[in-house]
Amino acid sequence: MIPTELTERPQWLAWYYDQEGCKNPIGKSNDARTWRAFNEIKCDNIAFVISPDDPYCGVDLDDCIVDGAYTERANEVLEMFSGVAYAEVSPSGTGIKLITKAKKPDWASCQKEKWLECYDHSRFWTITGQVIDEYYFGTIGDGQAAVDWLCDRWLRTSKGQNSIKFVHCVTASRQVTERAQSYVD
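Keep in mind that what you see is a predicted model, and the values were worked out from it rather than measured. (Residues numbered from 1 in each chain as written. Predicted model: local features only at pLDDT ≥ 70, side-chain atom pairs only at ≥ 80, totals over all residues. Heavy atoms only, no water.)

Re the sheet that holds strand 1 (residues 12-17)
So, point 1. Here we have four strands laid out as an open sheet, ordered 2-1-3-11, and antiparallel in their pairing. Of all the strands in the sheet, just strand 2 (23-26) and strand 11 (123-127) have a single pairing partner and so form its edges. Here the average twist between neighbouring strands, direction ignored, is 45°. (Pairing = 2+ DSSP bridges. Helix = DSSP H or I, 4+ residues; strand = E, 2+ residues; numbered from the N terminus. Axes fitted to C-alpha atoms, helices over the stretch in contact; angles between N-to-C directions.)

Here's what the structure looks like:
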(Lines give C-alpha, C1' and ligand atoms only; values in the text may rest on other atoms or scores of the structure.)
Protein backbone atom coordinates (compact mmCIF):
# COMPACT_ATOMS: atom_id res chain seq x y z
CA MET A 1 0.00 0.00 0.00
CA ILE A 2 3.01 2.34 0.21
CA PRO A 3 3.00 4.57 -2.89
CA THR A 4 5.25 3.28 -5.67
CA GLU A 5 6.58 6.78 -6.27
CA LEU A 6 8.14 6.56 -2.79
CA THR A 7 9.35 2.95 -2.96
CA GLU A 8 11.09 3.66 -6.29
CA ARG A 9 13.32 6.30 -4.65
CA PRO A 10 16.53 5.22 -2.86
CA GLN A 11 15.62 7.28 0.23
CA TRP A 12 14.99 4.63 2.87
CA LEU A 13 16.36 3.88 6.32
CA ALA A 14 15.61 1.40 9.05
CA TRP A 15 14.93 2.76 12.55
CA TYR A 16 14.68 1.55 16.15
CA TYR A 17 13.33 2.66 19.52
CA ASP A 18 15.98 3.69 22.05
CA GLN A 19 15.71 3.11 25.81
CA GLU A 20 13.62 6.28 26.24
CA GLY A 21 11.16 5.17 23.55
CA CYS A 22 12.41 7.67 20.94
CA LYS A 23 12.69 6.66 17.28
CA ASN A 24 16.25 6.71 15.94
CA PRO A 25 17.30 6.19 12.31
CA ILE A 26 19.95 3.73 11.25
CA GLY A 27 21.64 6.24 9.00
CA LYS A 28 21.34 10.00 8.65
CA SER A 29 18.43 11.96 7.21
CA ASN A 30 20.88 14.58 5.89
CA ASP A 31 23.38 12.17 4.30
CA ALA A 32 22.24 10.36 1.14
CA ARG A 33 25.23 8.00 1.38
CA THR A 34 23.45 6.28 4.31
CA TRP A 35 20.12 5.82 2.50
CA ARG A 36 19.06 2.58 0.83
CA ALA A 37 16.64 1.31 -1.77
CA PHE A 38 13.27 0.24 -0.36
CA ASN A 39 13.87 -3.47 -1.08
CA GLU A 40 17.22 -3.34 0.78
CA ILE A 41 15.54 -2.61 4.11
CA LYS A 42 14.89 -6.01 5.69
CA CYS A 43 12.88 -5.13 8.78
CA ASP A 44 9.45 -3.80 9.76
CA ASN A 45 10.70 -0.46 11.08
CA ILE A 46 11.18 1.48 7.85
CA ALA A 47 11.40 5.19 7.18
CA PHE A 48 11.34 7.34 4.05
CA VAL A 49 13.79 10.24 4.04
CA ILE A 50 12.19 13.56 3.10
CA SER A 51 14.95 15.36 1.24
CA PRO A 52 15.41 18.95 0.02
CA ASP A 53 15.87 17.40 -3.44
CA ASP A 54 12.41 15.80 -3.62
CA PRO A 55 8.93 17.37 -3.83
CA TYR A 56 7.62 15.88 -0.55
CA CYS A 57 6.42 17.37 2.70
CA GLY A 58 5.39 15.38 5.76
CA VAL A 59 2.73 16.23 8.32
CA ASP A 60 2.65 14.36 11.63
CA LEU A 61 -0.36 14.47 13.97
CA ASP A 62 0.26 12.93 17.39
CA ASP A 63 -2.32 11.58 19.85
CA CYS A 64 -5.17 12.17 17.39
CA ILE A 65 -6.71 8.68 17.37
CA VAL A 66 -8.65 8.12 20.56
CA ASP A 67 -10.65 4.92 21.09
CA GLY A 68 -10.42 4.22 17.36
CA ALA A 69 -11.81 7.62 16.32
CA TYR A 70 -10.06 10.69 14.93
CA THR A 71 -10.07 13.88 16.97
CA GLU A 72 -11.78 16.97 15.58
CA ARG A 73 -8.42 18.53 14.63
CA ALA A 74 -7.36 15.33 12.86
CA ASN A 75 -10.61 15.25 10.88
CA GLU A 76 -10.09 18.87 9.86
CA VAL A 77 -6.53 18.19 8.69
CA LEU A 78 -7.47 14.95 6.93
CA GLU A 79 -10.28 16.72 5.12
CA MET A 80 -7.89 19.40 3.83
CA PHE A 81 -5.38 16.79 2.62
CA SER A 82 -7.97 14.42 1.15
CA GLY A 83 -6.97 13.36 -2.35
CA VAL A 84 -3.53 15.02 -2.27
CA ALA A 85 -1.69 13.04 0.42
CA TYR A 86 -0.71 9.54 1.41
CA ALA A 87 -2.11 9.12 4.95
CA GLU A 88 -1.40 6.30 7.38
CA VAL A 89 -1.55 5.40 11.05
CA SER A 90 1.74 6.10 12.84
CA PRO A 91 3.83 3.39 14.58
CA SER A 92 2.26 4.26 17.96
CA GLY A 93 -1.23 3.56 16.61
CA THR A 94 -2.42 6.89 18.05
CA GLY A 95 -1.15 9.28 15.39
CA ILE A 96 -1.43 10.02 11.69
CA LYS A 97 1.40 10.65 9.24
CA LEU A 98 0.82 12.26 5.85
CA ILE A 99 3.08 12.80 2.84
CA THR A 100 2.13 15.24 0.09
CA LYS A 101 3.89 17.27 -2.58
CA ALA A 102 4.57 20.72 -1.15
CA LYS A 103 7.14 22.99 0.45
CA LYS A 104 6.65 24.37 3.95
CA PRO A 105 6.63 28.20 3.87
CA ASP A 106 9.84 29.75 5.22
CA TRP A 107 7.85 31.74 7.77
CA ALA A 108 6.32 28.64 9.37
CA SER A 109 7.74 26.74 12.33
CA CYS A 110 8.10 22.97 12.14
CA GLN A 111 6.22 22.07 15.32
CA LYS A 112 3.13 23.11 17.29
CA GLU A 113 3.31 21.97 20.89
CA LYS A 114 3.59 18.18 20.81
CA TRP A 115 0.67 17.37 18.51
CA LEU A 116 1.70 18.73 15.08
CA GLU A 117 4.87 18.65 12.99
CA CYS A 118 5.55 19.62 9.37
CA TYR A 119 8.81 19.05 7.48
CA ASP A 120 9.94 19.30 3.86
CA HIS A 121 13.62 18.31 4.15
CA SER A 122 16.23 16.39 6.15
CA ARG A 123 13.76 14.27 8.10
CA PHE A 124 13.24 10.53 8.36
CA TRP A 125 9.55 9.69 8.13
CA THR A 126 8.47 6.42 9.70
CA ILE A 127 6.21 4.35 7.47
CA THR A 128 3.82 1.64 8.63
CA GLY A 129 1.79 0.93 5.50
CA GLN A 130 -1.42 1.11 7.59
CA VAL A 131 -3.18 3.32 5.07
CA ILE A 132 -6.14 5.49 5.98
CA ASP A 133 -8.08 4.43 2.89
CA GLU A 134 -10.74 7.11 2.83
CA TYR A 135 -8.09 9.84 2.43
CA TYR A 136 -5.65 8.24 -0.02
CA PHE A 137 -6.58 7.77 -3.66
CA GLY A 138 -3.51 5.98 -5.01
CA THR A 139 -1.26 8.91 -5.86
CA ILE A 140 0.38 11.71 -3.96
CA GLY A 141 -0.90 15.00 -5.32
CA ASP A 142 -0.06 18.68 -5.09
CA GLY A 143 -0.81 19.55 -1.47
CA GLN A 144 0.70 23.04 -1.45
CA ALA A 145 -2.62 24.75 -0.67
CA ALA A 146 -3.24 22.30 2.20
CA VAL A 147 0.28 22.80 3.63
CA ASP A 148 -0.09 26.58 3.35
CA TRP A 149 -3.44 26.35 5.16
CA LEU A 150 -1.97 24.11 7.90
CA CYS A 151 1.01 26.39 8.43
CA ASP A 152 -1.12 29.54 8.44
CA ARG A 153 -3.56 27.99 10.91
CA TRP A 154 -1.11 26.46 13.41
CA LEU A 155 2.55 26.96 12.51
CA ARG A 156 2.80 30.70 11.90
CA THR A 157 5.77 32.27 13.64
CA SER A 158 5.63 35.76 15.12
CA LYS A 159 7.93 36.84 12.29
CA GLY A 160 5.51 35.45 9.69
CA GLN A 161 3.68 37.38 7.04
CA ASN A 162 0.10 38.55 7.33
CA SER A 163 -2.38 35.74 7.51
CA ILE A 164 -3.14 33.98 4.21
CA LYS A 165 -6.82 33.42 3.55
CA PHE A 166 -7.95 30.14 2.00
CA VAL A 167 -11.36 29.28 0.68
CA HIS A 168 -12.19 25.62 1.11
CA CYS A 169 -15.35 23.72 0.30
CA VAL A 170 -16.55 21.92 3.40
CA THR A 171 -18.36 18.67 2.72
CA ALA A 172 -22.08 18.66 3.31
CA SER A 173 -21.71 15.96 5.97
CA ARG A 174 -20.06 18.35 8.40
CA GLN A 175 -22.40 20.00 10.87
CA VAL A 176 -22.72 23.80 10.90
CA THR A 177 -21.82 23.93 14.59
CA GLU A 178 -18.56 22.02 13.94
CA ARG A 179 -17.66 24.47 11.17
CA ALA A 180 -18.45 27.44 13.39
CA GLN A 181 -16.34 26.01 16.22
CA SER A 182 -13.39 25.44 13.89
CA TYR A 183 -13.59 29.09 12.77
CA VAL A 184 -13.66 30.24 16.40
CA ASP A 185 -10.67 28.00 17.25
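Here the narrative resumes.
Points about the sheet that holds strand 7 (residues 85-89)
So, point 1. Across the sheet, five strands lie side by side as 7-8-4-10-9; this open sheet has antiparallel pairing. Each edge of the open sheet carries a strand with a single partner, namely strand 7 and strand 9 (111-112).
So, point 2. Pairing of strand 4 (residues 56-61) with strand 8 (residues 96-101) involves six bridges; the strand directions are antiparallel. Note that in strand 8 the partner of Cys57 across the bridge is Thr100.
So, point 3. In the packing of helix 2 (residues 72-81) onto the sheet, the strands contacted are strand 4, strand 7 and strand 8, and the crossing angle to strand 8 comes to about 25°.
So, point 4. Strand contacts of helix 3 (residues 144-154): strand 4, strand 8, strand 9 and strand 10 (116-119), with the helix running at about 135° to strand 10, the strand carrying the most contacts. (Contact = heavy atoms within 4.5 Å.)

Regarding helix 2
So, point 1. Counting buried residues in helix 2 gives seven out of 10 residues, a clear majority hidden from the surface.
So, point 2. All buried positions along helix 2 are accounted for by Ala74, Glu76, Val77, Leu78, Glu79, Met80 and Phe81.
So, point 3. Looking one or two residues beyond helix 2, the residue adopting positive phi is Gly83, at roughly 85°. (Buried < 20%, exposed > 50% of the residue type's maximum accessible area, 1.4 Å probe, protein only.)

A closer look at unusual backbone geometry
So, point 1. Even without being glycine, Asp63 reaches a positive phi, approximately 50°.
So, point 2. Phi is positive for Ser122, close to 50°, though the residue is something other than glycine.
So, point 3. Its location among the elements puts Ser122 in the loop between strand 10 and strand 11.
So, point 4. In this structure Ser122 comes out as partly exposed when scored by relative accessible area, which is 28%.

A look at the confidence of the model for the protein
Close reading of the predicted structure is inappropriate where its pLDDT is low.
So, point 1. Per-residue confidence for the protein averages 88 on the pLDDT scale, and 85% of its residues sit at or above 70.
So, point 2. Segment residues 160-177: pLDDT under 50, and 23 contacts once partners within four positions in sequence are set aside and those in other chains are kept. (pLDDT = per-residue confidence, 0-100.)

Quick word on the packing of aromatic side chains
So, point 1. The full count for this structure, using the stated rule, is eight aromatic pairs.
So, point 2. Taken together, a centroid distance of 5.4 Å and an interplanar angle of 70° make the contact between Trp12 and Phe48 edge-to-face. Note that Trp12 is positioned in strand 1 and Phe48 in strand 3 (residues 46-50), a separation of 36 residues in sequence. Of the two residues examined, Trp12 and Phe48, each falls in the buried class.
So, point 3. Connected via pairs of aromatic rings, a cluster forms that spans Trp12, Phe38, Phe48 and Tyr56.
So, point 4. When the ring centre of Trp125 is taken as origin, the NZ or CZ atom of Lys97, which lies over that ring, is 4.1 Å away.
So, point 5. Directly above the ring of Trp107 sits Arg156, whose terminal nitrogen or CZ lies 3.9 Å from the centroid. (Phe/Tyr/Trp six-rings, centres within 6.5 Å; stacked < 30°, edge-to-face > 60°. Lys NZ or Arg CZ within 6 Å of the ring centre and 35° of its normal.)

Things to note about the packing of helix 2 against helix 3
So, point 1. Between helix 2 and helix 3, the least distance of the axes is 9 Å, while the angle of their chain directions is 150°. As summarised for this structure, helix 2 and helix 3 are arranged roughly antiparallel, according to the angle between their axes. For the pair helix 2 and helix 3, the crossing hand works out as right-handed. Contacts between helix 2 and helix 3 pair Arg73, Glu76, Val77, Met80 and Phe81 from the former with Ala146, Val147, Trp149, Leu150, Arg153 and Trp154 from the latter.
So, point 2. Of the residues belonging to the contact of helix 2 with helix 3, the class tally is eight nonpolar, no polar and three charged. (Parallel < 35°, antiparallel > 145°, perpendicular 65-115°, else oblique. Left-handed = near helix turned anticlockwise from the far one by under 90°. Nonpolar A, V, L, I, M, F, W, Y, C, P; charged D, E, K, R; others polar.)

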